[in-house]
Amino acid sequence: MTSWRTARLDEVAQVLGGGTPSRQVIRYFGGGIAWATPTDVTALDQLYIATTKETVTEEGLESSSTKLMAPGAVLLTSRATIGYTAVATVPICTNQGFVNFACGEDLLPEFLAYWLRTQKEKMLQHAGGTTFKEIARGTLRKFEISFPRLEEQRHIVDRLSRAEGIVRLRRQAQQKAAELIPAMFIDMFGDPATNPKGWNVRPLSAVSDVISGVAKGRQLSAEESIELPYMRVANVKDGHLDMNEVKTISIKKTEVEKLRIVPGDLLMTEGGDPDKLGRAALWHGEIDLCVHQNHIFKVRSHSDRLVPEYLRSLAGSAYGKAYFLSVAKKTTGIASINKTQLSAFPVLLPPLANQTKFKLQVAAVEGIVALQDAAARKAEATFGSLLAKAFTEAGSQVHSEMERALA
């Protein structure tokens, strides 16, 4: 490394904590001072933070251990979700889920923020706690950072910012493509809440089979059981399946045909967060033989009445979510529906030809979304590689690699 210096973090930055004003005092909140919680940072799709969900008043600031920091402060999530960073563009303070840094004259905030992201594994190794992991401010003070002159820091930050910007643009394009599907639905069928086209309405059970899954943890003998992959709530997202982790379950051999999922089956969760009701994903045959647990309903459409892609959009629309929320059993922060309530879901039934046309349009859009997703993943991999290299190599070699990757 040419002209790179190594120092402890507390030698090149002021290391600060955060705090929370008493929630019992209403006047401490709602002022003009930005007050960040970890979710403000983990939700970002960029390096900078300018607004926060909550704000505090001057009195609230003075009543707690949080410190007001000038623009340029580097925020690092240090509790539970460790290792997310942001650079403030406004005066800001944080709750106790952060360790924050006010950089000295030798260190660019953006350079530090990017470097901290490369230290996540080290942070996790040094984190303590039982309920959730947390890395102490005193531990982070002792971390050593190597950094070049300010001019070279600016070069590195510029290239990393450009790479991260490409990731952001790819993800935005993917989101815009996905938003076409709800828009197409309304355009073709009208708002289901008002049913302006006067489609016939039938309960879901009249146009499909609604099938419950199998409970986990049953004691079965080896002779009567078989171990199979299964879909659980964590696998079913809003409109798509997450296959990153597929677990297995023991079921009776006699239950396989009832519980197996076939292409075209719509998987719907029974509950969770209230805004997740109506969450449904279509099975395309991702695994040859797979079943589903009891917290997921399998909806198998009658092919002469109902197209699964149409049902998925209907269930996931504001109309569908409103229905499920209206009939759900609610406890603190959780809502759930049972098979009877799902079976009674009022389904608007346009002609099958219209539903099929919608299915074909959805397939075309999903193809675009898949391409955008692949491009975004490639951009993320490139950014991750550049991020790692930027702080382990110096000089023209790294810069030329970054230039080639961004060209």
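Residues numbered from 1 in each chain as written. Predicted model: local features only at pLDDT ≥ 70, side-chain atom pairs only at ≥ 80, totals over all residues. Heavy atoms only, no water.

Undergrad: I'm lost on the overall build of the chain in this one. Help?
TA: Looking only at helices and strands, the chain has 15 helices and 22 strands in total. Overall size of the chain, expressed as C-alpha extent along the three principal axes, is 70 × 55 × 55 Å. Split into buried and exposed, the 407 residues of the chain put 45% on the buried side. Restricting to contacts in the chain with at least 6 residues of sequence separation, those with at least 24 account for 76%. Looking at charge distribution, the chain has the averaged site of its 49 positive side-chain charges lying 3 Å from that of its 44 negative ones. (Helix = DSSP H or I, 4+ residues; strand = E, 2+ residues; numbered from the N terminus. Buried < 20%, exposed > 50% of the residue type's maximum accessible area, 1.4 Å probe, protein only. Contact = heavy atoms within 4.5 Å. Lys, Arg positive; Asp, Glu negative; His and termini not counted. Charge placed at Lys NZ, Arg CZ, Asp CG, Glu CD.)

Undergrad: Quick question: what am I supposed to make of the sheet that holds strand β6 (residues 74-77) here?
TA: Reading across from one edge, β2-β9-β6-β7-β4 is the order of the five strands in this open sheet, with mixed pairing throughout. Every other strand in the sheet has two partners, leaving β2 (13-16) and β4 (48-49) as the edge strands with one partner each. Here β2 pairs with strand β9 (residues 98-103) via four bridges, running antiparallel. Paired with Gln 14 across the bridge in β9 is Ala 102. Against the sheet, helix α4 (residues 109-117) touches β4, β6, β7 (85-88) and β9, its axis set at about 170° to β7. (Pairing = 2+ DSSP bridges. Axes fitted to C-alpha atoms, helices over the stretch in contact; angles between N-to-C directions.)

Undergrad: Just to check I follow, could you spell out the packing of aromatic side chains for this structure?
TA: Between two aromatic rings, the relevant description is the distance of the centres plus the angle of the planes. One pass over the structure, following the stated rule, counts 13 aromatic pairs. Measuring from ring centre to ring centre gives 5.0 Å for Phe 111 and Phe 391, while their planes differ by 75°; the resulting arrangement is edge-to-face. In this pair, Phe 111 sits in helix α4 while Phe 391 sits in the loop between α14 (352-390) and α15 (396-406), placing the two residues 280 residues apart along the sequence. As far as the burial class goes, Phe 111 and Phe 391 line up, both buried. With centroids separated by 6.1 Å and ring planes inclined at 65°, the aromatic side chains of Tyr 114 and Phe 383 adopt a geometry described as edge-to-face. Within this pair, whereas Tyr 114 is found in helix α4, its partner Phe 383 is found in helix α14, the two being separated by 269 residues in sequence. (Phe/Tyr/Trp six-rings, centres within 6.5 Å; stacked < 30°, edge-to-face > 60°.)

Undergrad: What is the right way to read the sheet that holds strand β16 (residues 271-272) from this model?
TA: Sheet strands pair by backbone hydrogen bonding; their relative direction is either parallel or antiparallel. With antiparallel pairing, three strands are arranged side by side in an open sheet as β16-β21-β20. Looking at strand neighbours, the two that pair on one side only are β16 and β20 (329-331), the edges of this open sheet. Strand direction decides the pairing type here: β16 and strand β21 (residues 334-336), joined by two bridges, are antiparallel. Residue pairing across strands places Gly 271 opposite Ser 336, the latter belonging to β21.

Undergrad: Even after reading the chapter, I still don't get α4, so can you show me in this structure?
TA: Residues three or four positions apart in an α-helix share a direction because the helix packs 3.6 residues into each turn. With eight of nine residues buried, α4 lies mostly within the body of the structure. Buried within α4 we find Pro 109, Glu 110, Phe 111, Leu 112, Ala 113, Tyr 114, Trp 115 and Leu 116.

Undergrad: Sorry if this is basic, but what is going on with the environment of Gly 128 here?
TA: Relative to the helices and strands, Gly 128 is located in the loop between α5 (120-126) and α6 (137-141). Separated by 46 residues in the primary sequence, Gly 128 and Gln 174 place their C-alpha atoms 38 Å from one another. Sequence-distant contacts of Gly 128, defined by excluding residues within four places in its chain, comprise Lys 133 and Glu 134.

Undergrad: I tried to follow the packing of helix α7 (residues 150-178) against α14 on my own but got confused; where do I start?
TA: Two quantities define a packed helix pair, namely the angle between the helix axes and the distance between the axes. Relative to each other, α7 and α14 sit at 165°, their axes nearing to 8 Å. Viewed along their axes, α7 and α14 adopt a mutual orientation that is roughly antiparallel. Considering only the axes of α7 and α14, their crossing is left-handed. Here the contact of α7 with α14 is composed, by residue class, of 18 nonpolar, two polar and six charged. (Parallel < 35°, antiparallel > 145°, perpendicular 65-115°, else oblique. Left-handed = near helix turned anticlockwise from the far one by under 90°. Nonpolar A, V, L, I, M, F, W, Y, C, P; charged D, E, K, R; others polar.)

Undergrad: How do you make sense of unusual backbone geometry when you look at a structure like this?
TA: Most peptide bonds take the trans form, and the phi angle of most residues other than glycine is negative. Within the chain, Ala 80 stands out as a residue other than glycine whose phi angle is a positive 65°. Within the secondary structure layout, Ala 80 lies in the loop between β6 and β7. Despite not being glycine, Asn 195 has its phi angle at roughly 45°, a positive value. You can call Asn 195 buried: its relative accessible area is 18%.

Undergrad: I tried to follow the pattern of salt bridges on my own but got confused; where do I start?
TA: Two side chains with opposite charge may pair up if their charged atoms get near one another. Scanning the entire structure with this criterion turns up 14 salt bridges. A salt bridge links Asp 10 to Arg 8, with the nearest nitrogen and oxygen atoms 2.6 Å apart. Taking the shortest distance from any N to any O, the salt bridge between Arg 27 and Glu 59 comes out at 2.9 Å. One end of the pair, Arg 27, is in the loop between β2 and β3 (29-36); the other, Glu 59, is in helix α3 (residues 58-63), with 32 residues separating them in the sequence. The class for Arg 27 is exposed, based on a relative accessible area of 52%. A relative accessible area of 38% places Glu 59 in the partly exposed class. Within the structure, one salt-bridge network assembled from shared partners comprises Arg 171, Asp 373, Arg 377 and Glu 380. (Salt bridge = Lys/Arg side-chain N within 4 Å of Asp/Glu carboxyl O.)

Coordinates in, geometry out; function isn't part of it.
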